[in-house]
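Spelled out, the chains give:
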Amino acid sequence: MIRTSFNDGWQVRPKANPFVELAGSAVPFRPVTLPHDAMIGQRRAAPEGEATMDAHARAYFPDGVFEYRKSFFVPEDHRGRRVFLEFEGVYRDATVYINGDYAGQRPYGYSGFLVDAGRFLRPGQDNEVRVEARVHRDSRWYTGAGIYRDTWMLVGGLVRIAPGVRVTTPDLDPHRAVVEVAATIENDSVALRTVELVAEIRDAAGTVVATDTAKVTVLPGEPATARRRLYVFDPSPWSPKSPSLYSCEVRIRDEDGEADAETVVFGIRSLQLDPRSGLRVNGETVKLRGACVHHDNGILGAATHARAEERRVAILKDAGFNAIRMAHHPMGRAMLDACDRLGMLVMDEAFDMWTSAKSDFDYSLSFPEWWERDIEAMVAKDVNHPSVIMYSIGNEIPETGSAAGAAWGRRLAEKIRSLDGTRYVTNGINNMVAVMADLKQMAPQTADADGDNTGINTFMANMGDVMNMLSTSELVTERTAESYGVLDVAGMNYSDSRYALDKDLFPNRIIVGTETFPTHIDTNWRLVEQHSHVIGDFTWTGWDYLGEVGIGRPRHLTSEEPSDLLAPYPHLLAGCGDIDITGHRRPASHYREIVFGLRTEPYIAVQRPEHHGETWAGTPWAWSDSISSWTWPGSEDKPVTVEVYSDADEVELLVNGRSFGRKPAGGEQRFRAEFDIAYAPGELVAVAYRDGAETGRHVLRTAAGSVQLRAEADRRAITTAGGDLAFVTLTLTDTHGTVHTASDRPVSLEVSGNGVLAGFGSAAPATEERFDATEHHTHEGRALAVLRPTGPGEIRLRASAPACDPVEVLIKVA
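Residues numbered from 1 in each chain as written. Predicted model: local features only at pLDDT ≥ 70, side-chain atom pairs only at ≥ 80, totals over all residues. Heavy atoms only, no water.

## What about the sheet that holds strand β8 (residues 113-116)?
Hydrogen bonding along the main chain pairs the strands of a sheet, whether they run parallel or antiparallel.
Now for step 1: Strand order across the open sheet formed by four strands is β1-β10-β5-β8, with antiparallel pairing between neighbours. What marks the edges here is a single partner per strand, and that holds for β1 (2-5) and β8. Averaged over neighbouring strand pairs, the angle between their axes works out to 25 degrees when direction is ignored.
Now for step 2: One ladder, built from four bridges, connects strand β5 (residues 82-87) with β8; its direction is antiparallel. (Pairing = 2+ DSSP bridges. Helix = DSSP H or I, 4+ residues; strand = E, 2+ residues; numbered from the N terminus. Axes fitted to C-alpha atoms, helices over the stretch in contact; angles between N-to-C directions.)

## Re the pairing of strand β19 (residues 271-274)
Now for step 1: As judged from the four bridges shared by β19 and strand β20 (residues 278-281), these two strands associate in the antiparallel manner. Along β20, the bridge assignment pairs leucine 271 with valine 281.
Now for step 2: The turn joining β19 and β20, which pair antiparallel and follow one another in sequence, is formed by three residues.

## Some remarks on unusual backbone geometry
Now for step 1: The omega torsion across leucine 34 and proline 35 is 0 degrees, close enough to zero to call that bond cis.
Now for step 2: Within the secondary structure, proline 35 sits in the loop between β3 (30-32) and α2 (53-57).
Now for step 3: With an omega of 0 degrees, the peptide bond between tryptophan 540 and threonine 541 qualifies as cis.
Now for step 4: Structurally, the position occupied by threonine 541 is in the loop between β29 (534-539) and α14 (587-595).
Now for step 5: Residue aspartate 234 is not a glycine yet carries a positive backbone phi of 50 degrees.
Now for step 6: The residue alanine 803 is not glycine, and still its phi comes out positive at about 65 degrees.
Now for step 7: Along the chain, alanine 803 falls in the loop between β45 (793-800) and β46 (807-813).
Now for step 8: Take alanine 803: its relative accessible area is 74%, and that puts it in the exposed class. (Buried < 20%, exposed > 50% of the residue type's maximum accessible area, 1.4 Å probe, protein only.)

## A look at the side chain of aspartate 274
Now for step 1: Residue position: aspartate 274 is located in strand β19.
Now for step 2: In terms of polar contacts, aspartate 274 uses its side chain to reach the side chain of arginine 280, at 3.2 Å. (Polar contact = N/O pair within 3.5 Å; in protein donor to acceptor, adjacent residues only side chain to side chain.)

## Digging into the nonpolar core
Now for step 1: Within the largest apolar cluster, 120 residues are counted, with the highest numbers of intra-cluster contacts made by Trp10, Tyr68, Phe87, Ile98 and Phe351.
Now for step 2: Examining the composition of this core, we find that six residues originate from one element, helix α5 (residues 367-382), more than from any other.
Now for step 3: Dropping the residues within four chain positions of it, tryptophan 10 is found in contact with Arg30, Pro31, Val32, Leu34, Tyr68, Arg69, Lys70, Phe87, Val129, Val131, Ile147 and Thr151.
Now for step 4: Core analysis: the second largest hydrophobic core is formed by 36 residues, Leu288, Val476, Phe538 and Ala574 among them. (Core = buried A, V, L, I, M, F, W, Y, C linked by side-chain atoms within 4.5 Å. Contact = heavy atoms within 4.5 Å.)

## With respect to the packing of aromatic side chains
Now for step 1: Enumeration according to the criterion identifies 30 aromatic pairs in this entry.
Now for step 2: Their ring planes at 20 degrees and their centres at 5.2 Å tell us that phenylalanine 87 and phenylalanine 113 sit as a pair that is stacked. On the criterion of sequence distance, the pair formed by phenylalanine 87 in strand β5 and phenylalanine 113 in strand β8 is long-range, its members being 26 residues apart. Each member of the pair, phenylalanine 87 together with phenylalanine 113, is buried.
Now for step 3: Seen from their ring centres, tyrosine 97 and tyrosine 102 are 6.4 Å apart, and the 75 degrees between their planes marks the pair as edge-to-face.
Now for step 4: In this structure tyrosine 97 comes out as buried when scored by relative accessible area, which is 19%.
Now for step 5: You can call tyrosine 102 partly exposed: its relative accessible area is 44%.
Now for step 6: Members of the aromatic cluster, each reached through a chain of ring pairs, are Tyr91, Tyr108, Tyr110, Tyr148, Phe351, Trp354, Tyr363, Phe367, Trp371 and Trp408. (Phe/Tyr/Trp six-rings, centres within 6.5 Å; stacked < 30°, edge-to-face > 60°.)

Next comes the structure, spelled out in structure tokens:
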């Protein structure tokens with residue numbers, strides 16, 4: 001079918017009550033280009049009274065019902081043809097109307113779906129499509145709202161290739177690959193039709209490497225699956241290190257010529273799994289250096305732009321990750337495409353809930369009726385992507401500790417296997433959540449017996465130990481055995497204490513840490529390396545996100561902030577990502593790179609001097625209250641703690657040439673050494689030594705003198721096609737380029753030419769500033785602007801800040 005973008009020409013508004021609209025009080029529509037997040041532009045506010053968990057979860061954005069509409073002309077030659085509208089994702093409870101008539105719906109906000117539009121269209125005139133989306137206390141994180149992924153119009157004849165040509169590689173050796181191509185041919189005419197099917201495989205250079213032709217007869221109203229086996233000799237296998245891709249074009253011809261064509265991209269690779277060799281990709285054992293990632297794009301909100309996804313995957317890979325767990329919902333196509341191109345392995349997750357609700361009005365209300373269709377949508381989306389190696393059927397599902405829940409798990413796992421037997425099935429099981437019902441019964445007795453009054457700070461600080469201790473109990477072992485037994489890989493959230501235990505209890509059990517504390521990566525990774533049946537670790541999280549505000553914020557016992565797990569308004573971010581929402585790597589990211597064995601140079605992080613000596617009270621998701629900066633005005637001669645991360649035997653710290661001695665580092669010291677010294681502006685140097693010889697050094701310098709504003713685009717040339725964007729990093733520096741982390745100020749933007757400002761903001765964890773405004777304060781000397789092209793030509797961005805000379809960036813658009 002002919003596929004064309006349907007993203008332009010939309011309008012949106014908060015949905016109007018029809019009776020209010022009759023009175024003339026409705027909010028007017030405003031123009032938008034998809035993908036679009038209708039929530040990110042809403043006004044955040046502190047809740048009246050005590051904040052609910054839902055308010056924290058969605059970062060204090062309001063609920064809402066949003067209405068999109070688009071007018072489009074349908075040419076006369078579409079009469080008698082099949083026309084579909086495809087939505088890759090609408091959050092949430094989407095309802096679609098065409099020319100005023102109900103045309104389709106989809107409750108789940110993360111499933112793509114097709115709407116059969118042809119029967120409602122009026123060829124030769126303008127038509128209107130209207131989409132409603134609802135968000136109301138239905139998630140544990142910021143979801144955004146509206147048509148946040150791409151849309152398409154598909155047009156085809158009565159005899160056509162159905163969307164979704166499937167390509168698999170069931171047999172691979174170094175000399176040849178068997179490629180199986182399956183295409184469904186549909187016939188909506190009233191006559192039997194015979195067509196000629198041609199399948200053609202091309203390598204990355206466009207050279208045809210395999211082809212096949214076959215006759216296919218299709219009965220009226222009875223789709224026929226044409227399955228062909230082609231052979232690619234001397235193949236280039238896809239892997240994280242070498243992500244080689246191929247394309248497969250399928251064409252059908254009848255007596256009048258070519259009737260239809262579809263092209264898909266795929267990779268040739270094999271997967272193997274066993275407890276002795278672990279996970280093997282093309283015969284090579286791979287340990288998953290994983291990042292859990294939510295779907296929002298920070299200052300862009302939930303809108304899924306292809307370039308934003310590509311940039312995010314590239315930054316994650318540069319930081320040392322080789323796998324992403326999409327948490328806790330199916331990944332969008334744009335990110336899957338980026339993972340294929342860049343060589344990032346994917347665990348794609350279906351649901352955050354089954355039949356037990358986690359929020360008042362979440363997907364559990366629709367799950368019993370819709371789960372099969374949503375599983376089918378996920379697998380159909382993923383099946384050609386070589387990056388996808390594993391499907392997760394859920395995350396922290398309470399039912400997994402019961403027999404009925406295990407039966408649900410089996411049902412889901414077998415459904416996936418019936419659709420795709422080439423990948424593995426897991427489930428992110430939280431053992432504490434699985435036995436929560438038992439814990440609730442035990443809790444009053446425990447509290448009475450122990451007289452527990454330790455408070456939330458102590459509980460949160462010890463959360464990891466509590467969860468690990470519980471995970472090894474006989475109660476968990478017994479209650480979860482069947483739920484783990486239906487899986488190919490036992491996904492465990494915060495349960496690394498079971499890794500060694502299960503090697504003996506369940507010798508055929510293969511484990512992956514589906515969700516782990518970032519502060520435990522050194523001990524977790526040691527376990528991954530020690531045990532062949534443990535195939536990897538996925539940290540919570542690789543990339544910071546909106547909502548679940550403050551779970552990773554730094555806290556001290558002297559803090560005046562309430563001791564709740566989640567933070568009060570105006571907190572905006574979770575604060576637990578290795579990489580912040582602008583794409584800047586935080587200290588935890590560099591530490592992890594050292595633990596993974598991917599960085600030999602040491603890394604310096606400095607704890608904020610104003611909290612020196614205070615007792616730490618952060619959660620296990622919270623890294624130390626540190627940044628990589630030696631600019632602390634007002635703290636001269638005051639004590640400061642300097643963290644040095646290194647895999648070397650020892651590290652030496654020097655300030656302005658004066659040595660403060662050497663301290664042991666490496667794995668036995670959890671890859672870190674700490675120095676308590678007095679702050680003195682100038683140069684801070686950490687030198688790493690192994691066997692007495694220097695292996696690397698890291699230098700920080702104090703920003704001095706006047707503050708300069710700098711602007712740097714990630715690319716100076718972009719295109720109007722494929723969801724392209726330009727990312728412009730704005731920094732406050734001194735004349736030598738050292739970032740002024742302590743001189744934050746507002747930055748104002750002016751955008752002219754063939755583009756618009758798609759988002760502007762910083763990684764400030766708590767702020768009332770908006771991402772759709774043209775002025776925003778820097779955070780620790782940094783901010784990010786995102787530009788979206790509107791046509792060929794040039795985009796000019798002019799940035800200004802108090803006491804700084806203005807700067808300009810010019811982006812060419814082709």
